[in-house]
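So the chains spell out like this:
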Amino acid sequence: MQITRFERGLADRVAIVTGAAIGNGRAFCERLAEEGARIVIADVADASETEAAVRAIGADVLVRHTDCTDGDDVRGLVADTVARFGRVDILVHNVGHYSEEPFELLSFAEWKRTLDLTLNSLFHAIQAVLPPMKRQGFGRIITFSSDTVWLGTPYLTHYITAKMGVIGLTRSLAAEVGKDGITINTITVGLTATQRPAGDPVSDSLLRHILPQQAVHRADEPEDIANVVAFLALPASGIITGQTINVDGGVARH
Ligand SMILES: NC(=O)c1ccc[n+]([C@@H]2O[C@H](COP(=O)([O-])OP(=O)(O)OC[C@H]3O[C@@H](n4cnc5c(N)ncnc54)[C@H](O)[C@@H]3O)[C@@H](O)[C@H]2O)c1
């Protein structure tokens, strides 16, 4: 696939990418590294493959084992990033938890786990990066929602509740931090052909079901989302904030 490049538009910027061991997060690390950014990989899982991919591009990289649901650990991540690179320019908060369950069968534990991983983790990450971003007078925060918030997909009450929360936080916070040179935008991601963890419910048959509903009849690739991430991270994108950008092949059209 032909990808538009921005000629190393992020040279020497420092980007933290959460949930970057696999899937979309890995693609974001590679794309930002291609633009010249230094990359901090934050994940609970082994991220050595992402690390190797970023190094192969020639970017400086820090791998920091981080549980994004733990506020102290996330504050440590940001402290370690500043200690190593002196700044934090970009937060790409990719961590999220997806499961399908009819609401009446949904356990409170799964409801809470979804909110913790998908929404509460964002609270920790953004609160931790705002002080250095304000000191710099520059920041780009990119959050992830889902096109299911527009589609109202069944069996996702917990997930869609959390992903609507991501949009709310993004819109309100944009109005608070714009004066500090910080933008925050969210991407409503469609079904993406990522490398899935074992047991993940997103299957080939689900992809086959979704594809005919798309205006563009091919699966979203992680690189499609990564292009938008790189664009939003650019200094030149500083006038775009508080926005929700839908990237799903045109399933949701509004
Ligand atoms: N893939 C899709 O089809 C799709 C569709 C819509 C929205 N999204 C959203 O995009 C984002 C990424 O999706 P994905 O499919 O690449 O995710 P994924 O499930 O493939 O990867 C998630 C990553 O997060 C890591 N992680 C899990 N718990 C963590 C924790 N407590 N702390 C730190 N890291 C943790 C995992 O180890 C993994 O590397 C999510 O927010 C998801 O909701 C994805």
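The structure displayed is predicted, hence computed values, not measured ones.

What counts as what
- Residues numbered from 1 in each chain as written.
- Predicted model: local features only at pLDDT ≥ 70, side-chain atom pairs only at ≥ 80, totals over all residues.
- Heavy atoms only, no water.
- Helix = DSSP H or I, 4+ residues; strand = E, 2+ residues; numbered from the N terminus.
- Expected span 1.5 Å × (residues − 1).
- Buried < 20%, exposed > 50% of the residue type's maximum accessible area, 1.4 Å probe, protein only.
- Salt bridge = Lys/Arg side-chain N within 4 Å of Asp/Glu carboxyl O.
- Patch = residues over 30% accessible without salt bridge, like charges linked within 9 Å, V, L, I, M, F, W, Y side chains within 5 Å.
- Areas by Shrake-Rupley, 256 points an atom, 1.4 Å probe, with all protein chains shown as cover.
- Axes fitted to C-alpha atoms, helices over the stretch in contact; angles between N-to-C directions.
- Parallel < 35°, antiparallel > 145°, perpendicular 65-115°, else oblique.
- Left-handed = near helix turned anticlockwise from the far one by under 90°.
- Contact = heavy atoms within 4.5 Å.
- Nonpolar A, V, L, I, M, F, W, Y, C, P; charged D, E, K, R; others polar.
- Pairing = 2+ DSSP bridges.
- Right-handed = clockwise from strand over helix to strand, strands pointing away.
- Core = buried A, V, L, I, M, F, W, Y, C linked by side-chain atoms within 4.5 Å.

A. Quick peek at helix H6 (residues 157–177). Taking 1.5 Å of rise per residue, 21 residues should cover 30 Å, and H6 covers 30 Å from first to last C-alpha, within 8% of that figure. Of the residues making up H6, those classed as buried are His 158, Tyr 159, Ile 160, Ala 162, Lys 163, Val 166, Ile 167, Thr 170, Leu 173, Ala 174 and Val 177.

B. Region of interest: the pattern of salt bridges. Applying the stated criterion across every chain, the model contains 13 salt bridges. The residue Asp 180 makes a salt bridge to Lys 134 at a minimum N-O spacing of 3.8 Å. Separated by 46 residues along the polypeptide, Asp 180 in the loop between H6 and strand S6 (182–189) and Lys 134 in helix H4 (residues 108–136) bring together distant segments of the chain. In the salt-bridge network here, residues are joined through shared partners; they are Arg 13, Arg 87 and Asp 89.

C. Region of interest: a nonpolar patch on the surface. The grouping of Trp 150, Leu 151 and Met 164 at the surface amounts to a nonpolar patch, some 260 Å² of accessible area in total. Positionally, Trp 150 belongs in helix H5 (residues 148–151). Residue class for Trp 150 comes out partly exposed when judged on its relative accessible area of 33%.

D. Structural context of the packing of helix H1 (residues 23–34) against helix H2 (residues 48–57). Between H1 and H2, the least distance of the axes is 9 Å, while the angle of their chain directions is 15°. For the element pair H1 / H2, the angle class is roughly parallel. When you trace H1 past H2, the crossing you get is right-handed. Between H1 and H2, the residues in contact are Arg 26, Cys 29, Glu 30, Ala 33 and Glu 34 and Glu 49, Thr 50, Ala 53, Val 54 and Ile 57, respectively. When the residues that make up the contact of H1 with H2 are grouped by side-chain class, the tally is 5 nonpolar, 1 polar and 4 charged.

E. Highlighting the pairing of strand S2 (residues 38–43). Summarising burial for S2: 5 of the 6 residues are buried, a large majority. With 5 bridges joining them, strand S1 (residues 14–18) and S2 adopt parallel strand pairing. The residue of S2 that forms the bridge with Val 17 is Ile 41. Between S1 and its parallel partner S2, the chain crosses via H1, and the hand of that crossover is right-handed. Sheet analysis places S2 next to strand S3 (residues 61–65), joined by 5 bridges and oriented parallel. Looking at S3, one finds that Ile 41 is bridged to Val 63. For the handedness criterion, the β-α-β arrangement of S2, H2 and S3 is classed as right-handed.

F. Structural view of the nonpolar core. Ranked by internal contacts, the top residues of the largest apolar core, which has 32 residues, are Leu 32, Ile 39, Val 92, Phe 144 and Ile 187. Mapped onto this core, the elements with two or more residues apiece are S1, H1, S2, strand S4 (90–93), strand S5 (139–146), S6 and helix H8 (222–233). No other element matches H8, which puts 7 residues into this core. If we skip the residues at most four places from it in the chain, Phe 144 touches Phe 28, Val 92, His 93, Asn 94, Lys 163, Val 166, Thr 186, Ile 187, Val 189, Ile 225 and Val 229. Core analysis: the next-biggest nonpolar cluster, separate from the first, contains 28 residues, Leu 62, Val 129, Ala 174 and Ile 184 among them.

G. Geometry of the sheet that holds S4. Within the open sheet, the 7 strands sit side by side as S3-S2-S1-S4-S5-S6-S7. Their pairing is parallel. Each having just a single partner strand, S3 and strand S7 (244–247) make up the two edges of the open sheet. Neighbour-to-neighbour, the strand axes of the sheet open up by a mean angle of 20°, direction not taken into account. In terms of strand pairing, S1 meets S4 through 4 bridges, oriented parallel. In the strand pairing of S4, Ala 15 is matched with Ile 90. Sheet strands touched by H1: S1, S2, S4, S5 and S6. Its angle to S1, the strand with the most contacts, is close to 170°. Sheet strands in contact with helix H3 (residues 71–85) are S1, S2 and S3, and its direction is about 160° off that of S3.

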